[in-house]
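Understanding the architecture of this molecule
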Amino acid sequence: MPASTPPVGPAFTGWLPGVDSLCYGGDYNPEQWPEEVWEEDARLMREAGVNLVSIGIFSWALLEPREGEFDFTFLDRVIELLHANGIRVDLGTPTAAPPAWFYATYPEARVVTRDGVPLGPGSRGMVSPSSPEYRRASVRIATELAKRYGRHPALALWHVHNEYGAPVADDYSVHARRAWREWLQGRYGTLDALNAAWGTAFWGQVYGDWEHVQVPAASASAVNPAQRLDFARFTDSALLACFTAERDAIREHSDVPVTTNFMATECLSTDLFRWAREVDIVANDHYLTAADPRGEVGLALAADLTRSVAGGKPWLLLEHSTSAVNWQPRNVAKRPGEMARNSLSHLGRGADSIMFFQWRASRSGAEKFHSAMLPHAGTGSRVWREVVELGQHLGKLGELRGTRVRADVALLWDYESFWAQDLDWRPSEAVSHRERVNAFYDRLWRDGHTVDLARPEQDLSGYQLVVAPASYLLTADGAANLTRYVEGGGTLLVSYFSGIVDEHDAVHPGGFLAPLRDALGVTVEEFLPLRAGESLTVRYDGGRGRAGAELTGTVWADDLTLAGAQVVGTYADGPKPGGAAVTRHRHGTGTGWYVSTNFDVETLSALMADVYADAGLPSSGVPEDLEVIRRHGDDAEYVIAINHGEDAKLPLDGPATDLLTGDETSGGGMVVPAGAVRVLRRHG
Ligand code: GAL
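Rules used throughout
- Residues numbered from 1 in each chain as written.
- Predicted model: local features only at pLDDT ≥ 70, side-chain atom pairs only at ≥ 80, totals over all residues.
- Heavy atoms only, no water.
- Salt bridge = Lys/Arg side-chain N within 4 Å of Asp/Glu carboxyl O.
- Helix = DSSP H or I, 4+ residues; strand = E, 2+ residues; numbered from the N terminus.
- Buried < 20%, exposed > 50% of the residue type's maximum accessible area, 1.4 Å probe, protein only.
- Near = heavy atom within 4 Å.
- Polar contact = N/O pair within 3.5 Å; in protein donor to acceptor, adjacent residues only side chain to side chain.
- Areas by Shrake-Rupley, 256 points an atom, 1.4 Å probe, with all protein chains shown as cover.
- UniProt positions renumbered as here; feature names shortened; annotations may be inferred.
- Core = buried A, V, L, I, M, F, W, Y, C linked by side-chain atoms within 4.5 Å.
- Contact = heavy atoms within 4.5 Å.
- Pairing = 2+ DSSP bridges.
- Phe/Tyr/Trp six-rings, centres within 6.5 Å; stacked < 30°, edge-to-face > 60°.
- Lys NZ or Arg CZ within 6 Å of the ring centre and 35° of its normal.
- Expected span 1.5 Å × (residues − 1).
- Axes fitted to C-alpha atoms, helices over the stretch in contact; angles between N-to-C directions.

Some words on the pattern of salt bridges
- For the structure on display, the rule yields 44 salt bridges.
- In this structure, the salt-bridge partner of Glu211 is Arg181, at a minimum N-O distance of 3.2 Å. A residue pair is termed long-range when its members are at least 10 positions apart, and Glu211 in the loop between helix H7 (191-198) and helix H8 (225-251) and Arg181 in helix H6 (residues 174-188) qualify at 30 residues.
- Judged by relative accessible area, which is 10%, Arg181 ranks as buried.
- The salt bridge partner of Asp658 is Arg678, with a shortest N-O separation of 3.6 Å. One end of the pair, Asp658, is in strand E25 (residues 656-658); the other, Arg678, is in strand E28 (residues 677-682), with 20 residues separating them in the sequence. Across this residue pair, the class does not change: Asp658 and Arg678 are buried.

Side note on the site of the ligand
- Around the ligand, the surrounding shell consists of Phe58, Arg124, Asn162, Glu163, Asp285, Tyr287, Glu319, Trp327, Phe357, Glu367 and His370.
- Within the side chain of Arg124, one N or O atom sits 2.8 Å away from an oxygen atom of the ligand.
- Note that an oxygen atom of the ligand is positioned 2.8 Å from one of the side-chain N or O atoms of Asn162.
- With the chains in place, 96% of the 310 Å² that the ligand exposes on its own is no longer accessible.

Remarks on the UniProt feature "domain: Beta-galactosidase C-terminal" (unreviewed entry) in the protein chain
- In this structure's numbering, the residues bearing the UniProt feature "domain: Beta-galactosidase C-terminal" (unreviewed entry) are residues 625-682.
- With 0% helix and 53% strand, residues 625-682 has its two end C-alpha atoms placed 22 Å apart.

Structural notes on the nonpolar core
- Core analysis: the largest hydrophobic core is formed by 174 residues, its most contacted members being Ile55, Leu397, Leu465, Val582, Leu607 and Met608.
- With seven residues, the top contributor of residues to this core is helix H5 (residues 132-149).
- Excluding anything up to four places from it in sequence, Val582 contacts Val538, Tyr540, Gln566, Val567, Val568, Gly569, Trp593, Tyr594, Val595, Phe599 and Leu607.
- Counting 18 residues, the second-largest nonpolar core is a separate cluster that includes Tyr188, Leu191, Ala197 and Ala226.

A short note on the sheet that holds strand E23 (residues 637-643)
- On the basis of which strands lie adjacent, the open sheet formed by six strands has the order E10-E22-E23-E28-E25-E26 and antiparallel pairing. In this open sheet, the two strands that pair with only one neighbour each are strand E10 (404-405) and strand E26 (664-665).
- Judged from the seven bridges that link them, strand E22 (residues 626-632) and E23 form a sheet pairing that is antiparallel. By the bridge assignment for E23, Val628 is matched with Ala641.

Notes on unusual backbone geometry
- Here the residue pair Ala166 and Pro167 is connected by a cis peptide bond, since its omega of -5° sits within 30 degrees of zero.
- Along the chain, the position of Pro167 falls in the loop between strand E4 (155-160) and H6.
- Residue Phe357 is joined to Gln358 through a cis peptide bond whose omega torsion reads -5°.
- Along the polypeptide, Gln358 turns up in the loop between strand E9 (351-356) and helix H12 (382-395).
- Residues other than glycine seldom take positive phi values, yet Leu513 does so here, at roughly 75°.

Considerations on the environment of Phe357
- Relative to the assigned elements, Phe357 resides in the loop between E9 and H12.
- For Phe357, a relative accessible area of 7% translates into the label buried.
- A C-alpha to C-alpha distance of 35 Å links Phe357 and Pro216, two positions 141 residues apart in sequence.
- Sequence-distant contacts of Phe357, defined by excluding residues within four places in its chain, comprise Asp27, Asn29, Tyr287, Glu319, His320, Ser321, Glu367, His370 and Ser371.

Overview of the packing of aromatic side chains
- Scanning the model with the defined rule gives 35 aromatic pairs in all.
- Judged by centre distance (5.1 Å) and plane angle (50°), the rings of Phe102 and Tyr106 are tilted. The residues Phe102 and Tyr106 share a single accessibility class, namely buried.
- Arranged with centres 5.5 Å apart and planes meeting at 80°, the rings of Phe497 and Phe527 form a pair that is edge-to-face. Residue Phe497 is found in the loop between strand E14 (491-495) and helix H16 (517-520), and its partner Phe527 is found in strand E15 (residues 522-527); the two are separated by 30 residues along the sequence.
- In textbook terms, an aromatic cluster arises when at least three aromatic residues are bridged by ring pairs, as seen for Tyr172, Trp180, Trp183, Trp198, Tyr207, Phe231 and Phe234.
- Sitting over the face of the ring of Trp33, Arg360 holds its NZ or CZ atom 5.2 Å from the ring centroid.
- The positively charged end of Lys368 is found above the aromatic ring belonging to Phe369, 5.6 Å away from the centroid.

Quick notes on H12
- Spanning 14 residues, H12 covers 20 Å between terminal C-alpha atoms, matching the ideal 20 Å at 1.5 Å per step.
- Within H12 the residues assigned to the buried category are Val383, Trp384, Glu386, Val387, Val388, Leu390, Gly391, His393 and Leu394.
- Those residues of H12 hidden inside the fold are in contact with strand E1 (23-28), helix H1 (35-48), helix H11 (338-348) and E9.

Side note on the sheet that holds strand E8 (residues 315-319)
- Read across the open sheet, the nine strands follow the order E5-E4-E3-E2-E1-E9-E8-E7-E6; overall the sheet is parallel. Each end of this open sheet is capped by a strand with a single partner; those strands are strand E5 (258-259) and strand E6 (261-262).
- Bridge analysis of strand E2 (residues 52-55) against strand E3 (residues 88-93) gives four bridges, and the strand direction is parallel. Bridging across to E3, Ser54 finds its partner in Asp90.
- Contacts from H11 reach E8 and E9, with the element oriented near 145° to E9.

This is how it looks when you write it as structure tokens:
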């Protein structure tokens, strides 16, 4: 591992004070209800097995009705009520929704969009993260809360802000412009260095005065991509500085762990590998994409990413939904059992907390059609019955807390690369980093492999297979690390449009893929993207002397220059008939694969079977719709099985106990009924 690579995940190794089991609960917004409802809430929370609720997240206007004047009456009462009922508190700082007085007093603190539109109040969301007034006000309210509740026995966790980076991250305001110039001065020191990094000789953009450097707002044509990439880094840093300022203010008065809820996979403007080092415990929110009938795969990716940024440590699911959300084009209700399947998938992938947005459905406001633990239909509803049942199940799974997930496969996930790749004027609009990540992840999911997400620079030596679906920006360090990984016996698979530019979005010396030439035995002479709707055929034999299979590719082809690699797939047609399409290369004691076209998830199956063979990864033997994950404790292994399809047989060697029913199985496998979940403790 390069010496400069920082460790992955938080330094904190503890758990939530006063919670001796898995967490179960949700966002609780009692300010939307008359006080007599609160008693019923507490009673029903106990009935459902709720032991943790997140409060105060949107309460700033109530807690500080006028600037500098605080009124904690409401919060005092709520916290006492929860405490009296044995329910622990995850206390929000309300800084994601500044009060109306803030916007009125500091109109320049509003976020300005790339097109120059200032975003007004009347909703929620961040104001300019670079606004000194916002920083002062947010630290002040966080401090007041920490002073008042920092040592309260009900307090288990601090929940700073809400989903940094959403709904907006980029800010082009006057405050941003000032902070951006300061950030650039810190990064580059001199304008000469900035001009070199941004390649400003192109289109005559050379800067001679820091005051002339602008935020990359909308312009007549494509704005300098290196400038925009740096702006993405600056935005991430500005948001992170808001978090750390509040966190540090809290720590002055409280020893309780501090977190903020991420939106792994959905909010790409925050580099969660960086953020995870700053929180005490990693926490995530996840909502299914209702349009996707196989939303469980996206859920699994988000959960695996969350665990990965946490460095494998247990993490908290702070929000998901009991049924439909309200903000997608078509908000599909979850089917019976789906909420439990979703919850167990998070749990299986390392979550020690299963929580929801929100406890009681709101009568008013923008989210009244969002599902809740306690829906508008009340306790007579299917959702409520499933909520109570899930609470009972989680109550039986306390021994899983703190156990770990192990993955044999790493899939590279690098925010900087995504930021760069998603800018303007790339060789084909059809090339999407998320599409490739999703396709390879889906293949691995269907083949039953548990996957970590990893940065190219981090230690990869523990993985049998590393997949790079979209490593457009690859630093020299990252490429050297991947090359060492192969040399040392690893199997690496790289997909097209990878290894193209360095950290300044400048093409690598030596051309496309040059930094991975040793590992892959191939470079790219020219990109050959396809027209919309075109496809091509690859004659593929996997290099193992089999008859060639015909695989269909879309979107992309390369004109490759071989540098030692074996050709295992050849273009039968398309822009370069007869050219190499898929290559395999022995380097050191490992193998590097390169795939120069777009295979869909079904087509990837043939290729991945050979890649798994090189990596020594056995087939899981599990039917495709049966999701199986394992968590490992000191003395036991837990098998979490989630059946998304018809009745299916789970292979099991040796006896096991079903923790949800108490049943013993003697080995040889068990049938998991359609739609059901099982959590098994394996002995020995
Ligand atoms: C989350 C947010 C919650 C709620 C939820 C609805 O992103 O943190 O406050 O709005 O979405 O799905």
